[in-house]
Amino acid sequence: MSRWAKQIQLQMKVPAIGIASSNIVHYATGYDFKYSNGMPVRYVAVPFPFTGQPKAVDVGYVSGKDMLSGQPLMAAVIKALTDPLTAEEKISGAADGAADSRLLPPDTEENLRLLFEDKGWTDYNWIQLPSEKLVTEMLKGTSRKPDEVIKTIDITGGQRQLTVEKVAIGAVMAGASPEHFSLILALATQAPFGNSTSSMANMVVINGPIAKRLNFNSGTNALGPYSRPNAVVGRAFTIVSKIVGDLRNNVNAWSSLGSSFQYNNLCFAENEENLPEGWDPLHVQMGFKPTDNVVSVGIGWTSISSVGGSQSLYPTHFLMRDYMRSLTASGSAATILMDPTVAKLLKDTHGFQTKQQLSEWFSQNVEKTAGSYWGNGVIQSTAVPFALQGLEPYASWRKLPEETLIKPFTNPGTIRVVVTGGKIQTTWFVTDFGLRRGVKVDDWA
Amino acid sequence: MNRRKMLALLGVSPALVGGSPVYARTSAKPAPESSPIGDGRITVMNPGISNKLATRYPLAPPLDNLNNKLIYMINLSWEGPDAGNYFYGAMTEWLQRRYPGIKTVVKVTADGMFGLDPAILKEMTANKADGAIVGVAG
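Residue positions within a chain follow its written sequence, with the count starting from 1. Whichever chain is written first becomes A and whichever ligand is written first becomes 1, with later ones labelled in order. The predicted nature of this model means local features are confined to residues of pLDDT at least 70 and side-chain atom pairs, given and counted, to a pLDDT of 80 or more, with totals for whole chains, interfaces and linings taken over all residues.

A word on the overall build of chain A. Only runs of H or I of at least four residues qualify as helices and only runs of E of at least two qualify as strands under DSSP, and these elements are numbered from the N terminus. Each helix and strand in chain A was counted, giving 17 helices and 15 strands. The globule rule used for comparison is 2.2 Å times the number of residues to the exponent 0.38, while the radius of gyration itself is calculated over C-alpha atoms. Its C-alpha atoms give chain A a radius of gyration of 25 Å, within 12% of the compact-globule value 22 Å for 445 residues. In terms of overall dimensions, chain A has C-alpha extents of about 75 × 65 × 35 Å along its principal axes. Across the 445 residues of chain A, 49% fall into the buried class. Residue pairs are scored as contacts if the distance between their C-beta atoms, which are placed from the backbone, is within 7 Å. For chain A, restricting intrachain contacts to residue pairs at least 6 apart in sequence, the fraction spanning at least 24 positions comes to 78%. Exposure classes come from backbone-placed C-beta atoms, where a residue is buried if 20 or more other C-beta atoms lie within 10 Å of its own, exposed if 12 or fewer do, and partly exposed in between.

What follows covers the interface of chain B and chain A. Contacts between the two partners involve 63 residues from chain B, matched on the other side by 100 residues from chain A. Counting only elements with at least two residues in the side of chain B that touches chain A, the list comes to strand S2 (42-43), helix H3 (82-98), helix H4 (118-126) and strand S5 (131-137) of chain B. Of all the elements, S5(B) adds the most residues to the side of chain B that touches chain A, at 7 residues. Under the grouping applied here, Gly and all other residues not named as nonpolar or charged are polar, the nonpolar ones being Ala, Val, Leu, Ile, Met, Phe, Trp, Tyr, Cys and Pro and the charged ones Asp, Glu, Lys and Arg. Split into classes, the residues belonging to the side of chain B that touches chain A amount to 38 nonpolar, 17 polar and 8 charged. Any two strands are treated as partners once DSSP identifies two or more bridges connecting them. In the sheet, strand S1 (residues 16-21) of chain A pairs with S5(B) via 5 bridges, with the strands oriented parallel.

Another point: the domain arrangement of chain A. All names here are of chain A. Each domain of chain A was delimited in the assignment, giving domain 1 (2-90) and domain 2 (112-367 + 407-444). With 6 residues of domain 1 at the contact, the number on the domain 2 side is 6 residues. Here the residues of the side of domain 1 that touches domain 2 are counted per class, giving 3 nonpolar, 2 polar and 1 charged. All domain edges in this entry derive from an automatic or database-based domain assignment.

Looking now at the nonpolar core. Ala168(A), Ala171(A), Ile184(A), Leu187(A), Ala236(A) and Val295(A) are the most contacted members of the largest nonpolar core, which has 100 residues in total. Sequence-distant contacts of Ala171(A), that is, excluding residues within four places in its chain, are made with Met138(A), Ala176(A), His180(A), Phe181(A), Ile184(A) and Ala236(A). To form a nonpolar core, buried Ala, Val, Leu, Ile, Met, Phe, Trp, Tyr and Cys residues must be joined through C-beta atoms within 7 Å. Ranked by size, the runner-up nonpolar core spans 54 residues in total, among them Leu73(A), Ala76(A), Met113(B) and Val134(B).

Once that is clear, we can look at the sheet that holds strand S12 (residues 415-419) of chain A. Residues and elements named next belong to chain A. An order of S8-S13-S9-S12 is seen for the 4 strands of this open sheet, with the pairing classed as mixed. Each edge of the open sheet carries a strand with a single partner, namely strand S8 (303-305) and S12. Taken over all neighbouring pairs, the strand axes of this sheet differ in orientation by 20° on average, direction set aside. Pairing of S8 with strand S13 (residues 428-431), which is carried by 3 bridges, proceeds in the antiparallel orientation. Residue serine 303 lies in a different strand from S13, and its bridge partner there is threonine 431. In this analysis, axes come from line fits to C-alpha atoms, helices being fitted only over the stretch in contact, and the angle between any two N-to-C directions falls in the range 0 to 180 degrees. Across the face of the sheet, helix H12 (residues 316-324) comes into contact with S8, strand S9 (334-338) and S13 while running at roughly 35° to S13.

We now examine the confidence of the model for chain B. Residue and element names in this part refer to chain B. Summary statistics for chain B give a mean pLDDT of 78 and a share of 72% for residues scoring 70 or more. Every residue gets a pLDDT, meaning the predictor's confidence in that residue, from 0 to 100. Mean pLDDT in chain B bottoms out at helix H2 (residues 14-17), which sits at 36, and peaks at S2, which reaches 96. Across residues 1-29, confidence stays below pLDDT 50; counting only partners more than four residues off in sequence or on other chains, it has 9 contacts. Taken together, the chains of this predicted complex give a pTM of 0.84 and an interface ipTM of 0.88.

On to helix H8 (residues 181-188) of chain A. Extensive coverage of H8(A) is indicated by the burial of 8 of its 8 residues. What H8(A) keeps buried is the set Phe181(A), Ser182(A), Leu183(A), Ile184(A), Leu185(A), Ala186(A), Leu187(A) and Ala188(A).

Bringing helix H14 (residues 355-365) of chain A into the picture now. Owing to its 3.6 residues per turn, the α-helix aligns residues three or four sequence positions apart on the same side. Residues and elements named next belong to chain A. What H14 keeps buried is the set Lys355, Leu358, Ser359 and Phe362. Angularly, the buried residues of H14 cover 100° about the axis, an arc narrow enough to put them on a single face. Elements in contact with the buried residues of H14: helix H11 (282-285), H12, helix H13 (340-348) and S12. The directions from the helix axis to the C-beta atoms are what the arc is built from.

The subject of this paragraph is the sheet that holds S1(A). As summarised here, the arrangement of the 5 strands in space is S2(A)-S1(A)-S5(B)-S3(B)-S4(B), forming an open sheet in which the pairing is parallel. In this open sheet, the two strands that pair with only one neighbour each are strand S2 (43-46) of chain A together with strand S4 (103-108) of chain B. Taking the axes of each pair of neighbouring strands and ignoring which way they run, one obtains an average angle of 20° across the sheet. Two elements, strand S3 (residues 70-75) of chain B and S4(B), share 6 bridges in a ladder whose sense is parallel. Residue pairing for S4(B): Leu70(B) is matched across the bridge by Lys103(B). Seen against the sheet, helix H4 (residues 73-82) of chain A touches S1 and S2 of chain A together with S5 of chain B and runs at an angle of roughly 165° to S2(A).

Before going further, it helps to spend a moment on the pairing of strand S3 (residues 149-153) of chain A. Residue and element names in this part refer to chain A. Across 4 bridges, the pairing between S3 and strand S4 (residues 160-163) is antiparallel. Directly across from lysine 151, in S4, lies its bridge partner leucine 162. Between the antiparallel neighbours S3 and S4 lie 6 residues, among them glycine 157 with a positive phi of about 90°.

This is the structure we're talking about:
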C-alpha cells in the first residue's frame, strides 16, 4: 500500500493517501516508513477487521471515525489530501546508518539475558550466550569466511546483511555444535521464516547421508522433542530468522495467532532407509543425487493428523484425500508426511509404485467446492489477481456456482510425499506446506 | 486391560491420576561460556544486524480542495476485492454529495496486494488524476 502511494506521488506529483486498519497503519508509518518506503505517506485508519465483514459493516466505516485521529473518517480523508505539508514531510535524501559493533558492551549475565530478550533475538527459551570463543569454535564447522554475506534481507525493509558470523552466533544461541554448522548455514540461506498476518510457518526436511552422520531422528518420534539435532537445527532457524528478519512482535511481526511450529519449524529427516523400492527420497525427486546432503524448506500453515492408524475398510489414500479437502491448496501445495508402514501399505496394497503416482492421484481426486476454495483469504489475496488477469483455471473457477466441485491441486509436482517415523503405527499427516527446492549442505561446508 | 495401560492409551499419565508425585530432574544452571572481564561482567558477541535507513522522499503537494478533482480509489484486493469495493462505493457517494464536481474512479489492481499495476498508473497519468486513495487493508 505504501509502495503504491509512494509511486503515485513520485510519478505523478499528486497526493496519494492510504487507508487500512490501525495495525497495518502502525507498521506502515513506523517500520516500513523508516526502513523501506522512506516516504511519510499519510494514512487514515478503519476499525479492524475490515475484510470478511458484511457489506453493511464496511459501508458503515465510511460514516465512522478515523481510528488514528478520532475525527470523522471522511473529514480525515479530506484533511490527508489537502493539509499543507509539514517540514518532516518535505525531507529528502539518503540517511546515515550506524555500523554494528561485533561485541556488546560488557554486562552481567543476567542483564545480557534481559537485553537479548528485549531485543527479540531469542525464542524466549534458555539460550547459550554467544561468547567470542564459542562463536569461533562454531565457525570451524565451515570453510566460509566469517564476514561473508550469505544473504541481504529486505522483506520488511532495512537491507540487513546476514553474514556467516551472525549465523554462527545464532547457532551457538540455539545450542548447536560445529558439526551442525554447515547445515545451519545452508538453512540460513532460506531465512527468515514465515512472517505474515496469518499463521505462516515453515517445515525443514533433511535428506542425504548427513542425516545419519549427525544422528537426525527419522524414526520413532521424528517430529517430537526426542532428538538433539532435530531440536537445535530447527531452533537455529528460528533464532537466525528472528535476528536477520529483525522480527519483533507488533513491530514488524504481525501474525494474529502466531504458530507454535515456529519454535522448531517441523525439523526432521526423511527415513530414507525404509522407503519402499521405487519411492525416491525427497531430494532425489528434486534432482539431487542420493549421496547429496540437502536441506529443504517449505512454507505452510496447516497440519492434519490421521490420529489413528490405517483401516482396511477405508483405503488410507481415500482418507488422506478427504482430509486434503480442508487445505487451502494455495499454490497447489501439499506435503504428506507418512510412517514407512503407510508407504509400504500404499505401495503393496494400493499399487502406488512411486511417490509421483500418489501425488498424481491426489491431484486428480482431491475435490472441494468453488465456494470453499474462494472462501479463504489467502486464496482471495493470491488467486483472485490471476483470475482478474484471465489466467486459467482461476478465471473459470471464479465464475462457478459455490457448490460446484473443482480440483484445486492442479500440479502433482507440488504435492510432496515425505516418509518419516518409526514403524510403530500406520499414521500420517496431510499438510499444506509447499517445499521449495532444497539447498546442498556441502556447498556450505 | 490393566489400568495403567488404559490410562496411557487415553493420553493420561498414570502417575498423575494415581497422585504419585513426579519430580522434574533439576540441573545446575549452565555456566555461560562467555568471556569474563573480572568484575562479574562478561562480554558476548552482538547478534543484532543494523537496519539501513531508507532514503527519504517528500510527499507530493496537497490539493487545495476537492472541487472538480479526479480522484482514483485503488482497491488492493486485500483478502479479495469485495470489502474494498463496498467501502469505496460508500465513500464515492459521500464525496459526490459534498463535492458535486468531483469525479471518482475505482480500480481493482490486477497484480494483487503486493504488485504495482502499471495499467492503472498509466491510466491515471493519461487522465491527469488529481489524487489517489489506496487501500483497504486489514
